[in-house]
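# Structural characterization, general
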Amino acid sequence: MTELNARFIDVGSTPARDMNFWPAMVIPKEDIDREMERLSDLDRPGNGRRVSSIVHPYATEPGLGLAPGIDVTINVLLPGEETVVIRRNSNQIAMCIEGSGDALIGADVIRFEKFDVWNTPSMMLYRYRNSGSERCVFLSYSNAPMLEKLEVHFVEEDPPVFAPAEGAGDAMAAIKRAREFADNFEIDESGARLMGYEYLIDIDVVPSRPLIWRWDTVAAQLDRVANLGKDYRGRRLYLLYNPATERRNGTSHSFFATIARYPGGTVDMPHRHSSAAINYYFEGLGKSTVEGQKFEWKAGDLMLSAPGWAVHNHGSRGDGFHALTIQDHPLHIAMESLIWQETLKDPVLKLGAEQGAQTNIGELVGVR
Ligand SMILES: [Fe+2]
């Protein structure tokens, strides 16, 4: 084997690297429809997965995606089809855009219909089934590109299933955790501590479950945010919150999903954040400006709408729009890298470590 030698690079006086934003882009509905047709016309693949990834022209291997850390796939299931079981350590959020189907995730069977949104937690066995008479199509977003860049994307197709031995849970509950015997003490009043190895291999568990946000439930609430009035300075949306993400306010551990309803004639203030955003517009039409470049879009278009730290704003046209936004916000909160500038006159805030940005919602709705 060839001997490996590390290089030493003197970086003391090297200027910080400039961010090289991937340009924002719209993938028109017509292109997505054409790819859905191509997937539908294939002979059934052996694993049942008619899946196509929508890849940005700037993406490089490994980890192709629509944003540097996010991939978006089109998934088609013809009537009667089912995919093989798979599990992966990436997490996923999906939205059904045509027909209906079942997501079998762990022990849950989640029936989904058009515009429903659900999450698939990492490492859960999952498969999809279309027992209806119409084609089923959904978009799925994941952090696979980031894990592939880290060379740690674990994927198993049709893995062996190990059922826990009967009574194993009770037996485990009766056993004290090894960490209870390990050291864990403060070394001074700053809060710094020393903890034994057992704390590294047995961290606190937060249940992570597949959840679904049904479109009819979400849609019934959206007027509350849509009708905050012309003077409202925030975004007119609901976060689809998964309690497993705790203070990171996500839908999965990597991403939040929000559903926005914008009435006609509404334009946001230009702003920026280190999280990257991908919008799927599923009703209406609108426009965006991203790093000075102007875009127009309509229902069925997908858009890399805010490359991380790119200045952007979106506005409605006509009677307004509905959008699903996926943004790698919880990931950045976990890494303490979520920086946010709510308007370009505001300071750059590190969200989660200092008081965040404010809107005028208090003036508009009063005390609740
Ligand atoms: Fe934004």
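Read on for a plain summary of the structure. (Residues numbered from 1 in each chain as written. Predicted model: local features only at pLDDT ≥ 70, side-chain atom pairs only at ≥ 80, totals over all residues. Heavy atoms only, no water.)

Strand order in this open sheet of 6 strands is 2-3-10-5-8-14, and the pairing throughout is antiparallel. Looking at which strands have only one partner, the edges of the open sheet turn out to be strand 2 (50-53) and strand 14 (212-213). Pairing of strand 5 (residues 92-98) with strand 10 (residues 136-142), which is carried by 6 bridges, proceeds in the antiparallel orientation. For Gln 92, the partnering residue across the bridge sits in strand 10 and is Ser 142. In this fold helix 1 (residues 29-41) packs onto strand 2, strand 3 (71-77), strand 5 and strand 10, with an angle of close to 50° to the strand it touches most, strand 3. (Pairing = 2+ DSSP bridges. Helix = DSSP H or I, 4+ residues; strand = E, 2+ residues; numbered from the N terminus. Contact = heavy atoms within 4.5 Å. Axes fitted to C-alpha atoms, helices over the stretch in contact; angles between N-to-C directions.)

So, on to helix 1. Compared with the 18 Å implied by 1.5 Å per residue over 13 residues, the 18 Å span of helix 1 between its first and last C-alpha is a close match. Of all the positions in helix 1, only Ile 32, Glu 35, Met 36, Leu 39 and Ser 40 are classed as buried. All buried residues of helix 1 lie within an arc of 140° about the axis, which places them on one face of the element. Facing away from the buried surface of helix 1 by more than 90 degrees, the exposed residues are Arg 34 and Asp 41. (Expected span 1.5 Å × (residues − 1). Buried < 20%, exposed > 50% of the residue type's maximum accessible area, 1.4 Å probe, protein only. Arc of directions from axis to C-beta.)

Further remarks concern unusual backbone geometry. Following Glu 61, the chain continues into Pro 62 via a peptide bond in cis, with omega recorded as -10°. Residue placement: Pro 62 occurs in the loop between strand 2 and strand 3. Backbone geometry at Glu 336 places phi at a positive 60°, although glycine is not the residue there. Among the structural elements, Glu 336 can be located in the loop between helix 7 (329-335) and strand 22 (339-341). On the accessibility criterion, Glu 336 (52% relative accessible area) is exposed.

Attention now moves to the pattern of salt bridges. Applying the stated criterion across every chain yields a total of 23 salt bridges. Residue Arg 34 pairs with Asp 31 through a salt bridge whose shortest N-O separation is 3.3 Å. Remark: Asp 31 and Arg 34 occur in helix 1; sequence separation between them is 3 residues, near one turn of the helix. Between Glu 156 and Arg 87 there is a salt bridge, with the nearest N and O atoms lying 2.8 Å from each other. On the criterion of sequence distance, the pair formed by Glu 156 in strand 11 (residues 155-157) and Arg 87 in strand 4 (residues 86-88) is long-range, its members being 69 residues apart. On the basis of relative accessibility, which here comes to 24%, the residue Glu 156 falls in the partly exposed class. For Arg 87, a relative accessible area of 25% translates into the label partly exposed. Salt bridges here are not isolated pairs; linked through shared partners, they connect Glu 30, Lys 298 and Asp 301. (Salt bridge = Lys/Arg side-chain N within 4 Å of Asp/Glu carboxyl O.)

For the rest of this paragraph, the subject is the side chain of Thr 343. With respect to the element layout, Thr 343 can be found in the loop between strand 22 and strand 23 (349-350). Leaving out residues up to four positions away in the same chain, Thr 343 has contacts with Met 269 and Pro 270.

Inspection of the secondary structure assignment puts Arg 236 in the loop between helix 6 (223-226) and strand 15 (237-239). As a buried residue without a salt bridge, Arg 236 has its nearest oppositely charged side chain in Asp 268, at a separation of 5.5 Å. In this structure the side chain of Arg 236 is engaged in a polar contact, spanning 3.3 Å, whose partner is the backbone oxygen of Tyr 232. For Arg 236, the contacting residues outside a window of four places in its chain are Val 225, Ala 226, Leu 228, Gly 229, Lys 230, Ile 259, Ala 260, Arg 261, Tyr 262, Pro 263 and Thr 266. (Lys, Arg positive; Asp, Glu negative; His and termini not counted. Polar contact = N/O pair within 3.5 Å; in protein donor to acceptor, adjacent residues only side chain to side chain.)

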